[in-house]
Amino acid sequence: MIRLYGALIGLSLIWGLSFVFMKWLLPPAGIWGIVFLRCLAGAVVLLPILWWKRNEINWKLPWKALVVVGIFNCGLAWGLIALSETEINSSTASILNATTPIWTGIIGFIIFSYVLTARQWMGILIGFFGILVLMDFQVGQLFGKEFIGVGTMLLASTCYGFAGQYTKRFLSSTSILVITTFTLLTGAIIGLIGMLITGPIKPVLLMDPLTIFSIVGLGCFGSGLGQLIYFYINKNGSPELAATVTYLIPASAMVWGYVLLGEAINPHVIIGQLIIFAGVYLSSKKSKEKDGANSSSGKQGDLRHVK
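Since the structure is predicted, the reported quantities are computational estimates derived from the model, not experimental observations. Per-chain numbering applies: the sequence of each chain, read as written, is numbered from 1 onward. The predicted nature of this model means local features are confined to residues of pLDDT at least 70 and side-chain atom pairs, given and counted, to a pLDDT of 80 or more, with totals for whole chains, interfaces and linings taken over all residues. Only heavy atoms go into the side-chain values, all of them from the structure, while hydrogens and water stay out.

**Section: the packing of helix α1 (residues 2–52) against helix α2 (residues 63–84)**
Then, number 1: Helix axes are fitted only over the stretch in contact, all axes being lines through C-alpha atoms; the angle between N-to-C directions runs from 0 to 180 degrees. Helix and strand labels come from DSSP, where a helix needs a run of H or I of at least four residues and a strand needs a run of E of at least two; each type is numbered from the N terminus. Packing of α1 against α2 leaves a shortest axis separation of 9 Å and a crossing angle of 150 degrees. Classified by the angle between their axes, α1 and α2 sit roughly antiparallel to one another. Crossing hand, α1 versus α2: left-handed. Every residue of α2 that contacts α1 at Phe-19, Met-22, Leu-26, Ile-31, Trp-32, Ile-34, Val-35, Arg-38 and Cys-39 is listed here: Cys-74, Gly-75, Trp-78, Gly-79, Ile-81, Ala-82 and Leu-83.
Then, number 2: Gly falls in the polar group here, along with every residue not listed as nonpolar (Ala, Val, Leu, Ile, Met, Phe, Trp, Tyr, Cys, Pro) or charged (Asp, Glu, Lys, Arg). For the contact of α1 with α2, the per-class residue count stands at 13 nonpolar, two polar and one charged. With respect to orientation, any angle under 35 degrees is reported as roughly parallel, any angle over 145 as roughly antiparallel, any angle of 65 to 115 as roughly perpendicular, and every other angle as oblique. Handedness of a crossing is defined here by the sense of rotation of the near helix relative to the far one, left-handed for an anticlockwise turn of less than a right angle and right-handed for a clockwise turn. Every residue pair with non-hydrogen atoms within 4.5 Å of one another is taken to be in contact.

**Describing the confidence of the model for the protein**
Then, number 1: In predicted models, pLDDT denotes the confidence assigned by the predictor to each residue on a 0 to 100 scale. Chain-level statistics for the protein give a pLDDT mean of 81 and a share of 86% at 70 or above.
Then, number 2: This model gives residues 287–307 a pLDDT under 50, and the stretch forms 38 contacts once residues within four places in sequence are excluded.

**Looking at the state of the cysteines**
Then, number 1: Disulfides are defined as pairs of cysteine sulfur atoms found within 2.5 Å of each other. Enumeration over the complete set of coordinates arrives at zero disulfides.
Then, number 2: Looking at the unpaired Cys-74, the closest cysteine sulfur is the one in Cys-39, lying at 4.9 Å.
Then, number 3: Three labels apply to residues, based on accessible area from a 1.4 Å probe with only protein chains included: buried if under 20% of the type maximum, exposed if over 50%, partly exposed otherwise in between. Using a relative accessible area of 0% as the deciding quantity, one classes Cys-74 as buried.

**With respect to helix α3 (residues 90–97)**
Then, number 1: In terms of residue burial, α3 counts as a mostly covered element, since eight of its eight residues are buried.
Then, number 2: Looking at α3, one finds that the buried residues are Ser-90, Ser-91, Thr-92, Ala-93, Ser-94, Ile-95, Leu-96 and Asn-97.

**Looking at the side chain of Ser-252**
Then, number 1: Turning to its location among the elements, Ser-252 is positioned in helix α10 (residues 245–261).
Then, number 2: Accessibility expressed as a relative area gives 4% for Ser-252, which makes it buried.
Then, number 3: When residues no more than four places from it in sequence are discounted, the contact partners of Ser-252 are Ser-12, Leu-13 and Gly-16.

**What to know about the nonpolar core**
Then, number 1: Counting 78 residues, the largest nonpolar core has Ile-34, Trp-78, Ile-81 and Ile-233 as the members making the most contacts within it.
Then, number 2: Looking at this core, the element that brings in the most residues is α1, giving 22 residues.
Then, number 3: In this view, Ile-233 contacts Leu-4, Ala-7, Leu-8, Leu-11, Ser-238, Leu-241 and Ala-242; residues no more than four positions away in its chain are not counted. Side-chain atoms within 4.5 Å link the members of a nonpolar core, which is a set of buried Ala, Val, Leu, Ile, Met, Phe, Trp, Tyr and Cys residues.

**Some thoughts on the packing of α1 against helix α7 (residues 176–198)**
When two helices pack together, you describe them by how their axes are tilted relative to each other and by the distance separating the axes.
Then, number 1: The contact between α1 and α7 brings their axes to 7 Å, and the two run at 150 degrees. Judged by the inter-axis angle, α1 sits roughly antiparallel to α7. Every pair of crossing elements has a handedness; the one defined by α1 and α7 is left-handed.
Then, number 2: Split into classes, the residues belonging to the contact of α1 with α7 amount to 19 nonpolar, eight polar and no charged.

Below you can see the structure in the form of structure tokens.
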């Protein structure tokens, strides 16, 4: 469990910075160019590792499931986030992204018949309250804009929630490396199609050092390494634990904003982060009494199992 929490914190730091990278990449790459570049860069990092481990992999793969997860977790979600950042700032995007655990739980319950314990629901609610504290309870500012921005970020969070549950249901026996690599390749294809429809990347602007740095950071670390960590948490913990990384991302994004952009961090940010950690702990902790009762009756109270 310590490794899972360590991976969760590390992933929040990586993905918190990703919102800054996307903001920098919008002018030269465009919405679908960002999807293409980050997916391609991540896949390029992972393909040599996949080739090196090719003899250890069972190549009878669930291709349909890999494509579905690639569409929702990479292509569609990342396109919606890039679209959102054309209208809202990166901090607001990261805060809206923190609704992912809510959608993950609801989708798991409605579509996949997973069970949420009372403690896990409480943890999700506490985590969401922590997000409100981070925002200093300025909720109204998020809903005063048009659908592109707030609405598209909520759709992106829903895509993440569905992809997390779908991965747990249909890809639990598939290698994390395989899942990450092939979902990134699927996302790259979607980004390429999007560019062909909306317009190409501007090659001259891509030569800027900041742009190159953003591609490497967003693609190699945010998409490649970040996706590996995410699917590790998703498989070895649960979709809900993996989704709670979005509770930590707003705090991470604000810290990066302070370090890179000189933005101030207010006291409510620290308080909100502590509340969020409490929510993450509760939402991922199972009741021993409930587990024992479920074991004897042949049922599971964990979200990872079917009713």
